[in-house]
Amino acid sequence: MIESIETNFTRGDVPSVPQAPYVALEAGTLESDARDMIAAAWQQVEAFTGRCYYPVTAGQVVLKIRGPELYTWPRHPFPPALTVEVWSQSDWVPHSETYISALGLIELEGPLLYRLTQVGTIDPGTPPKHVQQAVFNLACYQLIHSPARREFKSQNAGDSGFTRESLMGVMYGSGAAALLASEMRKP
């Protein structure tokens, strides 16, 4: 059982599609606003599908477990290798565990404090066309239906969470959910 977990990931550049001028034209807004919304839409799509579309240049997970645990690396595509270390006598020391890279699974013993670090940069490649279209739809939809442009609706501070459940309304409203159906990973 996992007692505590801390993750730290460094992303590469936002995918170059869709292009901000096209989103701005479609939504009737500034190009700078479109660029910002595209970056947010990519993060929302990642949260919704459970997949990465940005390169991940560095990744680290520190977790404390109470007993044996089969842990799944939180980012997909999974790294080809992980560096595994355990906390022992005030220092991180190398430790050997079984990692199945195709599934992102690692068998952990317990009770121990682990530090798992991805080896190298994970580049998911160019996102598929249907994912690019979903980001375009999502960015346009949010720019058109933003709180500043709505006359009779309100938005609470808690409406901006990036969980699959909290994103359902905007994903379905924009048509992005239908485009992303084949990309979904089970939570």
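The following refers to the structure shown. (Residues numbered from 1 in each chain as written. Predicted model: local features only at pLDDT ≥ 70, side-chain atom pairs only at ≥ 80, totals over all residues. Heavy atoms only, no water.)

A separate point is the packing of aromatic side chains. Taken as a whole and judged by the stated rule, the model has three aromatic pairs. Relative to Tyr 53, the ring of Trp 42 lies with its centre 5.8 Å away and its plane at 45°, an arrangement referred to as tilted. Placement of Trp 42 in helix α2 (residues 31-49) and of Tyr 53 in the loop between α2 and β2 (56-65) is noted, with a sequence separation of 11 residues between them. Each member of the pair, Trp 42 as well as Tyr 53, is classed as buried. Plain terms: the ring middles of Trp 87 and Trp 92 are 5.2 Å apart, the flat faces sit at 70° to each other, and that makes the pair edge-to-face. Taking relative accessible area as the criterion, Trp 87 reaches 40% and is therefore assigned partly exposed. Here Trp 92 falls in the buried class, since its relative accessible area comes to 19%. Positioned over the ring face of Tyr 54 is Arg 11, at 4.3 Å from the centre of the ring. The ring of Phe 9 has Arg 75 lying over it, and the distance from NZ or CZ to the ring centre is 4.4 Å. (Phe/Tyr/Trp six-rings, centres within 6.5 Å; stacked < 30°, edge-to-face > 60°. Helix = DSSP H or I, 4+ residues; strand = E, 2+ residues; numbered from the N terminus. Buried < 20%, exposed > 50% of the residue type's maximum accessible area, 1.4 Å probe, protein only. Lys NZ or Arg CZ within 6 Å of the ring centre and 35° of its normal.)

Turning our eyes to something else, we now look at helix α3 (residues 129-144). Three or four residues apart is the spacing at which side chains of an α-helix point the same way, because the helix has 3.6 residues per turn. For α3, which comprises 16 residues, the first-to-last C-alpha distance of 22 Å matches the rise-based estimate of 22 Å (1.5 Å per residue) to within 8%. Residues of α3 that are buried: Val 131, Gln 132, Ala 134, Val 135, Phe 136, Asn 137, Leu 138, Ala 139, Cys 140, Gln 142 and Leu 143. (Expected span 1.5 Å × (residues − 1).)

Turning our attention to the packing of α2 against α3. At a closest axis distance of 9 Å, the pairing of α2 and α3 adopts a crossing angle of 125°. Judged on the interaxial angle alone, α3 and α2 are oblique. Classified by chirality, the crossing of α3 by α2 is right-handed. From α2, Asp 33, Ala 34, Met 37, Ile 38, Ala 41, Trp 42, Gln 44 and Val 45 reach across to α3, where they touch Val 131, Gln 132, Val 135, Leu 138, Ala 139, Gln 142 and Leu 143. Here the residues of the contact of α2 with α3 are counted per class, giving 11 nonpolar, three polar and one charged. (Axes fitted to C-alpha atoms, helices over the stretch in contact; angles between N-to-C directions. Parallel < 35°, antiparallel > 145°, perpendicular 65-115°, else oblique. Left-handed = near helix turned anticlockwise from the far one by under 90°. Contact = heavy atoms within 4.5 Å. Nonpolar A, V, L, I, M, F, W, Y, C, P; charged D, E, K, R; others polar.)

We now examine the pairing of strand β8 (residues 112-118). As paired elements, β2 and β8 share six bridges and run antiparallel to each other. Bridge assignment links Ile 65 to a residue of β8, and that residue is Leu 112. In this sheet, β8 lies alongside strand β4 (residues 82-88) in antiparallel orientation, the contact comprising five bridges. From the neighbouring strand, Val 86 faces β8, where its bridge partner is Tyr 114. (Pairing = 2+ DSSP bridges.)

Let us look at unusual backbone geometry. Among all residues except glycine, the phi angle is most often negative; among peptide bonds, the trans geometry is most common. Of the consecutive residues Val 17 and Pro 18, the connecting peptide bond is found in the cis state with omega at -5°. Relative to the helices and strands, Pro 18 is located in the loop between β1 (2-11) and α1 (20-27). Omega for the bond connecting Gly 110 with Pro 111 falls within 30 degrees of zero, at -5°, which places this linkage in the cis form. Tracing the chain through its elements places Pro 111 in the loop between β7 (105-108) and β8. A positive phi angle, near 65°, is found at Ser 90, a position not held by glycine.

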